[in-house]
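# Notes for the structure review
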Amino acid sequence: MEETKARLRKVLVDSLELSIEPSDIPDHGLVQALGLDSINTIEFLIWVESEFGVEIADEDLSIKLIDDLDLLAAYVKDRMDRSSTPAT
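Residues numbered from 1 in each chain as written. Predicted model: local features only at pLDDT ≥ 70, side-chain atom pairs only at ≥ 80, totals over all residues. Heavy atoms only, no water.

Positive phi is not limited to glycine here, since E17 has a value of about 50°. Within the fold, E17 resides in the loop between α1 (2-16) and α2 (30-34). (Helix = DSSP H or I, 4+ residues; strand = E, 2+ residues; numbered from the N terminus.)

The next thing to look at is the packing of α1 against helix α3 (residues 38-52). Axis separation between α1 and α3 bottoms out at 9 Å; the angle between their running directions is 130°. Relative to α3, the element α1 lies oblique. Handedness of the α1/α3 crossing: right-handed. Of the residues in α3, those in contact with T4, R7, L8, V11, L12, D14, S15 and L16 of α1 are N40, E43, F44, W47, V48, E51 and F52. Counted by class, the contact of α1 with α3 contains eight nonpolar, three polar and four charged residues. (Axes fitted to C-alpha atoms, helices over the stretch in contact; angles between N-to-C directions. Parallel < 35°, antiparallel > 145°, perpendicular 65-115°, else oblique. Left-handed = near helix turned anticlockwise from the far one by under 90°. Contact = heavy atoms within 4.5 Å. Nonpolar A, V, L, I, M, F, W, Y, C, P; charged D, E, K, R; others polar.)

Along the chain, the position of R9 falls in helix α1. Looking at R9, its side chain comes within polar contact range of the main-chain oxygen of I25, at 2.9 Å. Sequence-distant contacts of R9, that is, excluding residues within four places in its chain, are made with P22, S23, I25, P26, D27 and L69. (Polar contact = N/O pair within 3.5 Å; in protein donor to acceptor, adjacent residues only side chain to side chain.)

By size, the foremost hydrophobic cluster in this structure holds 24 residues, and its most contacted members are L8, L12, I25, L30, L36, F44 and V48. Among the secondary structure elements, those contributing two or more residues to this core are α1, α2, α3, α4 (63-67) and α5 (69-84). Leaving out residues up to four positions away in the same chain, V48 has contacts with L8, V11, G53, V54, I56 and V76. (Core = buried A, V, L, I, M, F, W, Y, C linked by side-chain atoms within 4.5 Å. Buried < 20%, exposed > 50% of the residue type's maximum accessible area, 1.4 Å probe, protein only.)

A few words on the pattern of salt bridges. Summed over all chains, the structure comprises eight salt bridges. The partner of K5 in a salt bridge is D27, and the shortest N-O contact between them spans 3.1 Å. Taken together, the residues K5 in helix α1 and D27 in the loop between α1 and α2 connect sequence positions 22 residues apart. Across the pair D81 and K77 runs a salt bridge whose closest N-O atoms are separated by 3.4 Å. Of the two residues, D81 and K77 are both situated in helix α5; the distance of four residues between them amounts to about one turn of the helix. When salt bridges that share partners are traced, they join E2, K5, R9, D27 and D70 into one network. (Salt bridge = Lys/Arg side-chain N within 4 Å of Asp/Glu carboxyl O.)

From the geometry alone we can't say anything about function, so treat these as descriptive.
Laid out in structure tokens, this is it:
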């Protein structure tokens with residue numbers, strides 16, 4: 001989980017061209033801490049999909065998912081696990 005969160009922090013910094021270190025990004029309250037708006041969040045999620053090779057379902061999109069790295073990391077890991085499990 002920590003590795004996924006570290007990758008998410010790096011994606012956040014890279015995708016939004018933030019002038020802070022990934023390690024300075026908090027686990028919670030990202031929207032307020034980073035001043036994210038709807039355009040930033042969509043751009044970030046597109047990068048997340050590309051970085052992790054997952055698709056974030058439209059019905060799962062929420063400010064809560066974007067605002068909490070623990071929640072987002074768990075979601076991404078779950079999506080990765082699902083995509084690597086062969087369908088039966």
